[in-house]
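Architecture at a glance
Read off the chains here:
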Amino acid sequence: METLALPKSFDEFVDARKAGFLKVKEYVENGGHLVGMFCSYTPLELFDAAGVSVVGLCGTSNEPIADAEKVLPKNLCPLIKSSYGFAYTEKCPYTYFCDFIVGETTCDGKKKMFELLNDIKETYVLHLPQSQKRDYAKEIWYQEIKLLKEYMEERYGIEITDEKLREAARKRNELRKTQMELYALQGAVPPAMKATEVMSTLAQGMFNFGVDAQHASYKAKVDAAKEALAGGAKPVDEKAKRILLTGCPSTGVIQKVGMTIENNGGVIVCLDDCGGERTQKMLVDENADDILRAISDRYLEIHCSVMTTNEGRIANTREMCQKYKVDGVVEMVLQACHTFNVESTLMQNMCDDEGIPYMKLETDYSTTDSGQIETRLAAFIEML
Amino acid sequence: MYQVGIDIGSSAAKAAVISEGEVIKTILLDTGFSSRKVADTIYATLEAEGITKENAKYVATGYGRISVPYADDVITEITCHGKGSYFLFGENGTIIDIGGQDTKGISLKNGRVMKFIMNDKCSAGTGKFLEVMTNRLGLTPQELSALARKGKEITISSMCTVFAESEVISLIGKETPREDIAFGVIESVVNKVVSLLAQVPNDQYFLTGGLCEDIYIVERLAKALNAPVKTTPLARFAGAIGAAIAC
């Protein structure tokens, strides 16, 4: 068994963080392999088929940002700074112990950050087309996925067979269906749970080793909610205003935006960021002849604001507003996220068209604007 | 039954008492260091006049709204300014509330808030900007407006309060007449407010908050917006009146 070194400042860490490091260290020392990823475009089935655990490394905390700003510009998205900062400060066990990191050429900030991240931890970057529109876009993405598959086969000295990919696709689809169940419960009238609980469950679920453990953690939440519902529990006030939360990834603002909505007379009935229904409802065609192509096709269909044009996202949100009987739309834009910020005009136009009140919040992971955010959200909910 | 609205802002605390649909009393105090303390002072002042928990309902609003322990309910200042302005003006329009730490534009239709906009973290275009500049020029707010009326056009280009203050210092250093600087200071606030209001445009505007009795600022806003700006001395209490209505 190989023995791995701990970070230099390990002794200064709080106990929970120490425990996290020791858990991951043990997993890797016992032969477990870990790959870090950032984005819903990452083809997870490839890692499952290779027998490698894949963990989301999106930074959601303000903590390492000051250190990240020693290298990165201040005026950059907090998610990018936080993700880099955790690698730079050696404070995230998953970043620290993973074999390598997979990134995508999504936004400019991320793809340039990956160049610097690569100096700390090997970063493999998938080249994403700028849109799904061109006839050859699917082929580009297929070739990228194939290249990554070959890279992994060589790196780990394995063969990623079609059978393994098909099995992985089947399991991932099951996981997505459970996640959809979670969303349906959360969006029920009245909701079976608060969205902030769902957000926390999803965020924690990402840190499980392997798809089975992740699936089990989501399933447990679904079962618990169903049981509570059957027992007559009504965790959400029936009069709470039904909010759809769209825009940038929201895990880093569960407290500042999510809790604030749910503590001020609102309830988030639809999480419309990249981890939400918009992405999870897309399944891989498990029975396709060419399973690798079915996987690459499924991922390219994701509607992110980095794509031009990106009507699919707005069309999907329109559908979600109706499906979940939404009273108001809150769009959360992380500071310096140009793609979502510019696209917010299209989102607002759609809401105006549907007659649904809309509000955009531009914020970061700090607490400096918590007071203002609370006033804005509370006033918006009072207005509905 | 009395309806008491308490609006604890970042610099001023306001209270309004409504009885049988009329505003029968208003109180204006500096918020000072403690929202809690000023809330207690308001309670004691009203209690001395026979208005107590026994015969009154209380609604709190403003940044200090959570520090009013005796409040029956808490509502944001945006909703309250909407209700209060509808009570005072009774028409559709956009409310301009220039507060101590933020400026809001609130579009009102049939007494309901349709849309609102607030400045970001920055204090440009707020009461704080004016406060810093009047202090720097050694003036009272009334003197600033009186001087500005006589001033010639100069531009203070920095939006940021801190940078604008150093711009003012360099103008002072160059012996620029004080009335010209005063003119530039007020234009800076007016321009910033008008650009914020572009997102909630309307046929007419209502000015609420601490500047409502400043005729010069009302004139400059009306000119820049090219639309009537209505106000009344009671508009300073619009948030408190709205809170009282919400009781």
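Note that the structure is predicted; figures quoted are calculated from it, not measured. Numbering of residues starts from 1 in each chain and follows the order in which that chain's sequence is written. Lettering for chains starts from A, numbering for ligands starts from 1, and both go in the order in which the items are written. Given that this is a predicted model, residues contribute local features only at a pLDDT of at least 70 and side-chain atom pairs are listed and counted only at 80 or more, while totals for whole chains, interfaces and linings are drawn from all residues. Think of the side-chain values as coming from all heavy atoms in the structure, minus any hydrogens and water.

1. So, the sheet that holds strand β4 (residues 123–126) of chain A
Residues and elements named next belong to chain A.
- Being paired, for any two strands, means DSSP has found at least two bridges between them. Starting at the N terminus, helices and strands are each numbered in turn, a helix being any DSSP run of H or I of at least four residues and a strand any DSSP run of E of at least two. With parallel pairing, four strands are arranged side by side in an open sheet as β2-β1-β3-β4. Lying at the two open borders of the sheet, with one neighbouring strand each, are β2 (53–56) and β4. Each adjacent strand pair in this sheet contributes to an overall mean axis angle of 30°, direction not counted.
- In this structure, strand β3 (residues 100–104) lies alongside β4, joined through four bridges in parallel fashion. Across the sheet, residue I101 finds its bridge partner in β4, namely T123.
- Every residue pair with non-hydrogen atoms within 4.5 Å of one another is taken to be in contact. To define axes, lines are fitted to C-alpha atoms, for helices over the stretch in contact only, and angles between the resulting N-to-C directions are given on a 0 to 180 degree scale. Packed on one face of the sheet, helix α7 (residues 137–156) meets β1 (34–37), β3 and β4 and runs near 155° to β4.

2. Here's the deal with the pairing of strand β6 (residues 266–272) of chain A
Residues and elements named next belong to chain A.
- For β6, a buried count of seven out of seven residues is recorded, marking the element as mostly surrounded by other parts of the structure.
- As defined by bridge partners, strand β5 (residues 241–247) adjoins β6 across six bridges and the pair is classed as parallel. Bridging from a neighbouring strand, K241 pairs with G266 of β6.
- The β-α-β motif built from β5, the intervening helix α11 (residues 254–263) and the parallel element β6 has right-handed crossover chirality. Burial status follows relative accessibility: with a 1.4 Å probe on protein chains alone, a residue under 20% of its type maximum counts as buried, one over 50% as exposed, and anything between as partly exposed. Handedness rule for crossovers: strands pointing away from the viewer, path from the first strand over the helix to the second running clockwise, crossover right-handed.

3. Notes on the packing of aromatic side chains
- Here a Phe, Tyr or Trp ring, Trp counted by its six-membered ring, pairs with any other such ring whose centre lies within 6.5 Å, and the pair is stacked when the planes are under 30 degrees apart, edge-to-face when over 60, and tilted otherwise. Here the structure, examined in full by the defined rule, presents 17 aromatic pairs over all chains.
- Judged by centre distance (5.0 Å) and plane angle (80°), the rings of Y58 of chain B and Y70 of chain B are edge-to-face. Here Y58 of chain B is found in strand β4 (residues 56–61), whereas its partner Y70 of chain B is found in the loop between β4 and β5 (73–74), with twelve residues between them in sequence.
- For Y70 of chain B, a relative accessible area of 10% translates into the label buried.
- A network of ring pairs unites the aromatic residues F10, F13, F21, Y96 and F97 of chain A as a single cluster.
- Counting as a charge over the ring demands two things of the Lys NZ or Arg CZ atom: a distance within 6 Å of the ring centre and an angle within 35 degrees of the ring normal. Lying over the aromatic face of Y156 of chain A, R155 of chain A brings its terminal NZ or CZ to 5.9 Å of the ring centre.
- Note that R293 of chain A overlies the ring of Y142 of chain A, its terminal NZ or CZ placed 3.9 Å from the centroid.

4. Overview of the interface of chain B and chain A
- At the interface, 18 residues of chain B touch 17 residues of chain A.
- With both chains or domains summed, chain B and chain A bury close to 1300 Å², and 51% of this area falls on carbon and sulfur atoms.
- Salt bridge, as used here: a side-chain nitrogen of Lys or Arg that lies within 4 Å of a carboxyl oxygen of Asp or Glu. Between the two partners, chain B and chain A, sit zero salt bridges.
- Polar contacts here mean pairs of N or O atoms no more than 3.5 Å apart (in protein, one a potential hydrogen donor and the other a potential acceptor; neighbouring residues in sequence count only if both atoms are side-chain atoms). At the junction of chain B and chain A, the tally comes to five residue pairs in polar contact (both at pLDDT 80 or more).
- Of all the secondary structure elements, the ones that give two or more residues to the side of chain B that touches chain A are α2 (77–89) and β8 (112–118) of chain B. Put simply, buried area is the surface a 1.4 Å probe can reach on two separate parts but cannot reach once they are joined, added for both.

5. Examining the nonpolar core
- Counting residues in hydrophobic clusters, the biggest one holds 134 residues, and the most contacted among them are F47 and V257 of chain A together with F116 of chain B.
- Those residues within four positions of F47 of chain A in sequence are excluded, and the remaining contacts are V35, T42, V52, V54, F100, V102, L148 and M152 of chain A.
- Grouped together as the second largest cluster of nonpolar side chains are 39 residues, M133, A148, V168 and L225 of chain B included. Nonpolar core, defined: a set of buried Ala, Val, Leu, Ile, Met, Phe, Trp, Tyr and Cys residues in which side-chain atoms within 4.5 Å join the residues together.

6. Notes on the pairing of β5 of chain A
Residue and element names in this part refer to chain A.
- The element β5 is extensively covered by neighbouring structure, given that six of its seven residues are classed as buried.
- Inspection of the sheet shows β5 paired to strand β7 (residues 328–334) by five bridges, in the parallel sense. Residue pairing across strands places T246 opposite E331, the latter belonging to β7.

7. Side note on the environment of T126 of chain B
Residue and element names in this part refer to chain B.
- If you trace the backbone, T126 turns up in the loop between β8 and α3 (127–137).
- A residue is classified by how much of its surface remains accessible, and T126, at 0% relative accessible area, is buried.
- Here the alpha-carbon distance between T126 and I215, two residues 89 residues apart in the chain, equals 17 Å.
- Once residues lying within four places of it in the same chain are set aside, the contact partners of T126 are I98, G99, G100, Q101, D102, T103 and N119.

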